[in-house]
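Coordinates in review
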Amino acid sequence: MKYYFIAGEASGDLHASNLMKALKINDIKAEFRFFGGDLMASVGNGTLVKHYREMAFMGVIPVLLNFRKIMRNMQICRTDIQAYNPDAVILVDYPGFNLKIAEFVKKRLQCPVFYYISPKIWAWKKYRIKTIRRYVDKMLCILPFEVDFYKSLDYQVNYVGNPTVDEIRTFLSEHPENRNAFLSDNNLNNKPIIAVLAGSRKQEIKKNLPTMLASVKQNFEYQIIIAGAPGLTMADYSPYITSKDDVKIVFNKTYELLQYADISLVTSGTATLETALFNVPQVVCYHVSGGKLVNFIFNRFFQVQYISLVNLIAGKEVVKELFGAGFSIKSIQNEVNSLLNNSEYREKMLEGYREVATKLGTQNAPERAAEMINLSSKKEIST
């Protein structure tokens, strides 16, 4: 069968690539065409139409400034899908773009539309459920609490497990611990490591990294290592690192870095869950303009209590979330000091991580998702 994938950022590229591998096992004739990234391209049997680097615009101003480019990308996608005439379209997160494509596909092509990794409508934009009901044939969720959320909206979804669990399990089986080799290969010293995961987009780096680095640079007994995001280069980080800063960057080695990190500063998103599954104590910190007003709006109008996946899955505060007015050098420093010097505090966080892992449960998420997609697509074709 022919599959059309759309993933608009680095994490989507990773998850989509593993789903593509699983589809190839179930369907030896699988062919792919996609908006995505290098990991998806490496799977084979496919064509990369547009790289996510040309699509990842975040925030009101960047979206407005790039509005023509976004509209052009959408038109390219619509035209390309129609010409390809796939047996199934598989959307990976990226809702602003993907939900419009879902509408186009269902109206023009009538082929099944699958959504792998739900849009976060449980946090905001709940009204999108109307579009999902109309244009998405099957929602394949990776967060356990999403099942009850969608049930409350009278929409049936399937929990397939969390692919991050599978990805980390596979990584650990293929990379037995060898700290000395990691340090040597990356020209690092033997000090304990503070990992800094400042986001995957240029705008996130610009807003988050300076404060994150300023919060930990006085910890002289530790080495500070930044996880370079896929698709970015040294030029994207160098404006925020002075010659006096004893900071290193490793690219495309986030899992290796977390494997040996003592603590981590992490922006919200999948990285918070990855950090938890590597059992690295963390502080979640994210710059949002507006200070106290942002926290007021979040507490009053958002449908969830937390911004990090760790806390959302646990249903309680496991890690400290510092955003809006809480995103400051002093606040982050206080939390870092607790993580480094309070063993009881660290152990409580690690216990919370174990609860999160238990709630995630089921393994082999890509394989389960592939089975559901194959089965549903074949039924659609036969009718």
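These notes cover the structure that comes with them. Given the structure is predicted, the values throughout are model-derived calculations rather than measurements.

1. Here we look at the pattern of salt bridges
Between side chains of opposite charge, a pair can form when the charged atoms approach closely. Going through the model one piece at a time under the given rule, you end up with 13 salt bridges. Across the salt bridge formed by E9 and R201, the nearest N and O atoms sit 2.3 Å from each other. Separated by 192 residues along the polypeptide, E9 in the loop between β1 (2–7) and α1 (10–26) and R201 in the loop between β8 (193–197) and α10 (202–216) bring together distant segments of the chain. A single burial state applies to E9 and to R201, both of which are buried.

2. Some thoughts on the pairing of strand β12 (residues 282–286)
With respect to burial, β12 is a largely interior element, five of its five residues being buried. Across the two faces of β12 the burial is the same, with Q282, V284 and Y286 and V283 and C285 all buried. Chirality of the crossover, the property in question, places the unit of strand β11 (residues 263–266), helix α13 (residues 270–277) and β12 among those that are right-handed. Looking at chain direction, β12 and strand β13 (residues 320–323) are connected through four bridges and run parallel. Bridge assignment links Y286 to a residue of β13, and that residue is F323.

3. A word on the side chain of N311
For N311, the position within the fold is in helix α15 (residues 309–314). Judged by its relative accessible area of 0%, N311 is buried. A distance of 2.7 Å separates the side chain of N311 from the backbone nitrogen of V318, its partner in a polar contact. Among the polar contacts made by the side chain of N311, one reaches the main-chain carbonyl oxygen of V319 at a distance of 2.9 Å. What N311 contacts, discounting residues up to four positions off in sequence, is Y306, K316, E317, V318, V319 and E321.

4. So, the sheet that holds β1
Across the sheet, seven strands lie side by side as β3-β2-β1-β4-β5-β6-β7; this open sheet has parallel pairing. Only two strands of the sheet have a single neighbouring strand rather than two, namely β3 (46–51) and β7 (158–159). Bridge count between strand β2 (residues 31–36) and β3: five bridges; the pairing is parallel. In the strand pairing of β3, F32 is matched with G46. Contacts from helix α5 (residues 95–108) reach β1, β2, β4 (88–92) and β5 (113–116), with the element oriented near 165° to β5.

About the cut-offs
- Residues numbered from 1 in each chain as written.
- Predicted model: local features only at pLDDT ≥ 70, side-chain atom pairs only at ≥ 80, totals over all residues.
- Heavy atoms only, no water.
- Salt bridge = Lys/Arg side-chain N within 4 Å of Asp/Glu carboxyl O.
- Helix = DSSP H or I, 4+ residues; strand = E, 2+ residues; numbered from the N terminus.
- Buried < 20%, exposed > 50% of the residue type's maximum accessible area, 1.4 Å probe, protein only.
- Right-handed = clockwise from strand over helix to strand, strands pointing away.
- Pairing = 2+ DSSP bridges.
- Polar contact = N/O pair within 3.5 Å; in protein donor to acceptor, adjacent residues only side chain to side chain.
- Contact = heavy atoms within 4.5 Å.
- Axes fitted to C-alpha atoms, helices over the stretch in contact; angles between N-to-C directions.

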